Amino acid sequence: MSKNKSNINSLFHKRWSKFKLHKRGFYSLFVILVLYALSFLLPFIVNKDPLIIKYNGNYYFPVFKYYSAATFNVQSNSEANYRKLKQTIDEKNKDNFVLMPLYPYGPNENLLDELNSMPPNPPAKNNWFGTDDRGRDVFARVLYGFNISVSFGLLVTLFSFMLGTLAGALSGFYGGKTDMFFQRAVEIWSALPFLYLIIILSSFITPGFSLLTFILVLLNWVGITLYVRGEVLREKAKEYVFAAYVSGSSKFRIITRHILPNSISPIVTFAPFAVVGNIALLVALDFLGFGLQPPTASWGQLIQQGMSYPTLDRWWLIIIPLIFQFITLILIVFVGEGFRDAFDSKQYSRLK
Amino acid sequence: MKKILQILNLKTYFFAVDEKSNKEIILKAVDDVSLDVYEDEILGIVGESGSGKTVTAQSIMQLIPEPSGKIVSGEIFYKREDVLKKHGEELRKIRGKDIAYIFQETYSSLNPVLTIEEQICEVITTHLDKSYDEARQISVDLLISMGIKDAKDRIKDYPHQFSGGMRQRIALAMALAAKPSLLIADEPTTMLDVTIQKQILDLLLSIKKNKQLTSVIFITHNLGLVSKYCDRVAVMYAGKIQEVSSVSEIMKTPLHPYTKGLLSASAFLKDKDNKVYTIPGNTPSLKELPRGCKFCNRCSEAFDKCFISEPDLIEINPNHFVRCHLYQETNINE
């Protein structure tokens, strides 16, 4: 009973209920979270591998496991083409069956032998959003690209904010020479032309997902440090911090338990916009060819394929990833807007 | 009487850069203060704003923000151990456990994002060997004894849900949580209105009577409160102690002109025109203190010598010390 009461009154709850009042932000957060959660189930929704196959009395689960083509009496060096397998099994109409995902094409699957013309192919009945220039299904690639882009944006933001918060907190808390050192380091670091740096780095290492995340974290963390430092500088002079000192709390505890929770607003307010920035950055890097390596499903690569053709004949390769990017980013921006309003203390005091 | 705390020749200076001359200047916020706190007493430290009373108290807890300020020299003995020599882990064991501190600002001395329970239990679990559940029970009992009757329900509340007086009670509970023997109360009631002020101080007095605390250092600028609640009083001015005596004696026979001024400036003493007396002038800036006695340019009884040399703190009557040329007869005869 009393627990509920206190929860309603905590600052977090105040902000959360204020955020809920921001309808656009709240629903955007809901939609983006649901979509992102669903995107982890994509292998069961959009995939070339069937969920279940019943073949000659045995059950097979190709989504989870690799079966050689011979298992199903199909001539192939690798896995069977399950869509064809489904056709043949359906025609024979025995006890056997193949349960395909809703949209039976994979993101990295080459459809050259099923297509009638040279790829890229425009949107059609089978491939809703057409195929790219290597004959891969654009719908599947765009959806998988959503998962990768959002994950990438979240991870880069998470880690760079962790690093930035740590640096900002130390800098603000210890002040003096430590502060001077951190601030100069941040200034030098932020002056690095980092697009060039990535281009140079990409020329001798091919960054995978985690390496690219790491590089971008290293280049991105400086942004938040200044804000956290400012907050910490302000909070550390407050009397509750002195009160924590005089009651014998350790410095570590004072930073983590007293100062940082009170310095959280810039971190939360900036996070959604940082995610937006990082997603856009990933698309840009992919577009330029310095991002994630093929065959990773990526929006930037699709746009690049579309743009590489002199006319706009490959419009679906440009429009579709851009629409997806636009919707994703605008949802996150709305969330950020909601957070910003919820953390804006000035509105608390507005008279009505 | 046994001394619980002994401050010897404490000097706490602040360093600033003068804007005009661009030279570093030293602000002697606490200049050679020696003071004893005995067991089982409430010692009042009185003075105007900027007289160094808070800095003295903060020096005991080593709360002086470096590098702008520094305890330049001096020793502070707490039960025969110099607390100024303690750092890190050792210092943390004294803070809160042996010496507790409460602040003037009731609105910012509690962390806004933690519940009362979390804050009080933190003190208990830091210093005493108790589990969190035991600590919670102790906190509830403590809050009840501080006069928060529905403590069991309210302990899960956040500071902003309490009034100023309630918060000071909570701050007091937090300070007493680890059973310290000395409490430093830095103007604990300045921000509160008069009725609440009385409640809090009566509470403090009863805590001391109940032997929950051995001694209290009570910092205030209100001599009226000192006369009512303290056993002894030290009057500070411009970073120096001007007069130390028992409260009863200082009320009867104040010696230092500054103490006299403070007493006649108290609102309950009005002169025949029904006007409250004020000491002329303002507290001097620490940047430009007079050469002789620090009070000379506001003193109505000042004479030549006061402007030239600074008097020493001498014992006039038993346990009554004063720093004033009026009483330094040997000097006058010279």
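Conventions and cut-offs
Residues numbered from 1 in each chain as written. Chains lettered and ligands numbered in written order. Predicted model: local features only at pLDDT ≥ 70, side-chain atom pairs only at ≥ 80, totals over all residues. Helix = DSSP H or I, 4+ residues; strand = E, 2+ residues; numbered from the N terminus. Rg over C-alpha atoms; globule rule 2.2 N^0.38 Å. Buried ≥ 20, exposed ≤ 12 C-beta atoms within 10 Å, placed from the backbone. Contact = placed C-beta atoms within 7 Å. Pairing = 2+ DSSP bridges. Axes fitted to C-alpha atoms, helices over the stretch in contact; angles between N-to-C directions. Nonpolar A, V, L, I, M, F, W, Y, C, P; charged D, E, K, R; others polar. Expected span 1.5 Å × (residues − 1). Domains from an automatic or database assignment. Core = buried A, V, L, I, M, F, W, Y, C linked by C-beta atoms within 7 Å. Parallel < 35°, antiparallel > 145°, perpendicular 65-115°, else oblique. Left-handed = near helix turned anticlockwise from the far one by under 90°. pLDDT = per-residue confidence, 0-100.

> Sorry if this is basic, but what is going on with the overall build of chain A here?
Within chain A one finds 15 helices and three strands. Computed over the C-alpha atoms, the radius of gyration of chain A is 26 Å, more than 25% above the 20 Å expected from 2.2 N^0.38 for a compact globule of 352 residues. Taking the principal axes of the C-alpha coordinates as reference, chain A spans close to 80 × 55 × 45 Å. Counting all 352 residues of chain A, 38% fall into the buried class.

> Any chance you could explain the overall build of chain B here in plain terms?
On a plain count of helices and strands, chain B comes out with eleven helices and twelve strands. Radius of gyration (C-alpha) of chain B: 21 Å, near the 20 Å computed for a compact globule of 334 residues. Counting all 334 residues of chain B, 45% fall into the buried class. Pairs at least 24 apart in sequence give 63% of the contacts found in chain B among residues at least 6 apart.

> Any chance you could explain the pairing of strand S4 (residues 69-78) of chain B here in plain terms?
Residue and element names in this part refer to chain B. Sheet analysis places strand S1 (residues 3-17) next to S4, joined by eight bridges and oriented antiparallel. For threonine 12, the partnering residue across the bridge sits in S4 and is isoleucine 71. With two bridges joining them, S4 and strand S5 (residues 81-82) adopt antiparallel strand pairing. When the bridges of S5 are listed, tyrosine 78 appears paired with glutamate 81. Turn length for the S4-S5 hairpin, with the two strands adjacent in sequence and antiparallel, is two residues, and the turn residue lysine 79 shows positive phi of about 50°.

> What am I meant to see in the sheet that holds strand S2 (residues 24-38) of chain B here?
Sheet strands pair by backbone hydrogen bonding; their relative direction is either parallel or antiparallel. Residue and element names in this part refer to chain B. Read across the open sheet, the four strands follow the order S2-S1-S4-S5; overall the sheet is antiparallel. Because the sheet does not close on itself, it has two edges, and the strands there are S2 and S5. Helix-sheet contacts for helix H1 (residues 53-60) involve S1, S2 and S4, and the interaxial angle to S2 is about 70°.

> Can you walk me through the interface of chain A and chain B in this structure?
How big an interface is tends to be stated in terms of the accessible area lost upon association of its parts. Each partner contributes to the interface: chain A provides 21 residues, whereas chain B provides 29 residues. Sorting elements by how many residues they give to the side of chain A that touches chain B places helix H11 (residues 239-246) of chain A first, with six residues. Among the residues forming the side of chain A that touches chain B, the class breakdown is seven nonpolar, eleven polar and three charged.

> Help me understand helix H10 (residues 222-236) of chain A, please; the structure alone is not making it clear to me.
Since one α-helical turn is 3.6 residues long, residues separated by three or four positions face the same way. Residue and element names in this part refer to chain A. Its 15 residues place the ends of H10 21 Å apart at the C-alpha level, agreeing with the 21 Å of an ideal helix rising 1.5 Å per residue. When we look at burial in H10, the residues that qualify are Val222, Ile224, Thr225, Leu226, Val228, Arg229, Glu231, Val232, Glu235 and Lys236. Against the buried residues of H10 lie helix H6 (138-174), helix H7 (176-190), H11, helix H12 (251-262) and helix H13 (264-288).

> Is there a simple way to explain the domain arrangement of chain A in this structure?
Parsing chain A into structural domains produces domain 1 (9-40 + 140-349) and domain 2 (48-100). Computed over C-alpha atoms only, the centres of domain 1 of chain A and domain 2 of chain A are separated by 43 Å.

> Sorry, what's going on with the nonpolar core here?
Side chains of nonpolar character tend, in soluble globular proteins, to be buried together. Ranked by internal contacts, the top residues of the largest apolar core, which has 157 residues, are Ala173(B) and Ile217(B). A per-element tally of this core places H6(A) first, with 14 residues. Sequence-distant contacts of Ala173(B), defined by excluding residues within four places in its chain, comprise Ile120(B), Leu142(B), Leu143(B) and Met146(B). If you look at the next biggest cluster of nonpolar residues, it comprises six residues, including Phe72(A), Ala80(A), Tyr82(A) and Val98(A).

> Honestly, the packing of H6(A) against H10(A) in this entry has me stumped. Any pointers?
The description of two packed helices rests on the angle between their axes and on the distance between the axes. Residue and element names in this part refer to chain A. Relative orientation of the contacting elements H6 and H10 amounts to 40°, with a least axis distance of 7 Å. With respect to each other, H6 and H10 are oriented oblique. Here H6 runs over H10; the crossing is right-handed. Contacts between H6 and H10 involve Phe161, Gly164, Thr165, Ala167, Gly168, Ala169, Ser171, Gly172 and Phe173 from the former and Val222, Gly223, Ile224, Thr225, Leu226, Val228, Arg229, Val232, Leu233 and Lys236 from the latter. The class makeup of the residues in the contact of H6 with H10 is ten nonpolar, seven polar and two charged.

> Teacher, can you tell me more about the packing of helix H3 (residues 116-127) of chain B against helix H6 (residues 164-176) of chain B here?
Residue and element names in this part refer to chain B. Interaxial distance between H3 and H6 falls to 8 Å at its minimum, and their mutual angle equals 25°. Here H6 runs roughly parallel to H3, going by the angle between their axes. Every residue of H6 that contacts H3 at Ile116, Gln119, Ile120 and Val123 is listed here: Ile170, Ala173 and Met174. Residue classes in the contact of H3 with H6 are distributed as six nonpolar, one polar and no charged.

> Where do I start with unusual backbone geometry in this structure?
For residues other than glycine, phi is negative in most cases, and the peptide bonds are mostly trans. All names here are of chain B. Within the chain, arginine 80 stands out as a residue other than glycine whose phi angle is a positive 70°. Relative to the elements of secondary structure, arginine 80 occurs in the loop between S4 and S5. With 7 C-beta atoms packed within 10 Å, arginine 80 lands in the exposed category. Even without being glycine, lysine 179 reaches a positive phi, approximately 55°.

> So what exactly am I meant to see when it comes to the confidence of the model for chain A here?
Caution applies to low-pLDDT regions: their predicted coordinates should not be interpreted in detail. Residue and element names in this part refer to chain A. Put simply, chain A has an average pLDDT of 84, and 95% of its residues get 70 or more. Mean pLDDT across the secondary structure elements of chain A bottoms out at helix H1 (residues 2-9), with 48, and peaks at helix H3 (residues 23-39), with 93. Note that residues 1-6 has pLDDT below 50 and, in this model, six contacts with residues that lie over four places away or in other chains.

> For this particular structure, what's the right way to read the sheet that holds strand S3 (residues 97-99) of chain A?
All names here are of chain A. Across the sheet, which stays open at both edges, the three strands sit in the order S2-S1-S3 with antiparallel pairing between neighbours. At either end of the open sheet lies a strand with only one pairing partner, and these are strand S2 (58-60) and S3. Looking at each pair of strands side by side, their axes are set apart by 15° on average, direction ignored. Where strand S1 (residues 52-55) meets S2, three bridges bridge the pair, whose relative direction is antiparallel.

> Where do I start with H6(B) in this structure?
Residues and elements named next belong to chain B. Here H6 is 13 residues long and its end C-alpha atoms lie 18 Å apart, about the 18 Å a rise of 1.5 Å per residue gives. In terms of burial, H6 is largely enclosed, as twelve of its 13 residues are buried. Three or more residues of H6 are buried, namely Gly165, Met166, Arg167, Gln168, Arg169, Ile170, Ala171, Leu172, Ala173, Met174, Ala175 and Leu176.

> Just to check I follow, could you spell out the environment of Leu143(A) for this structure?
Residue and element names in this part refer to chain A. Take leucine 143: it is sitting in helix H6. The exposure class assigned to leucine 143 is buried, which follows from the 21 C-beta atoms found within 10 Å. Sequence-distant contacts of leucine 143, defined by excluding residues within four places in its chain, comprise Ser39, Leu42 and Val46.

> Help me understand the pairing of S1(B) in this model?
Within a regular strand, side chains alternate between the sheet's two faces. Residues and elements named next belong to chain B. Judged from the eleven bridges that link them, S1 and S2 form a sheet pairing that is antiparallel. Its bridge partner being in S2, isoleucine 7 is matched across the sheet by leucine 35. The hairpin formed by S1 and S2 contains six residues between the paired strands, and asparagine 22 there has a positive phi angle of roughly 60°.

> Looking at this model, I keep getting lost on the confidence of the model for chain B. Mind explaining?
The predicted model of chain B averages 86 in pLDDT, with 96% of residues at 70 or higher. Interface scoring of the predicted complex returns ipTM 0.79; its pTM is 0.78.

> Looking at this structure, how should I read the environment of Leu204(B)?
Residues and elements named next belong to chain B. Following the sequence through the fold, leucine 204 ends up in helix H7 (residues 194-209). Note: C-alpha distance between leucine 204 and leucine 172 (32 residues apart in sequence) is 8.5 Å. If near-sequence neighbours (up to four positions away) are discounted, leucine 204 is found in contact with Ala185 and Val216.

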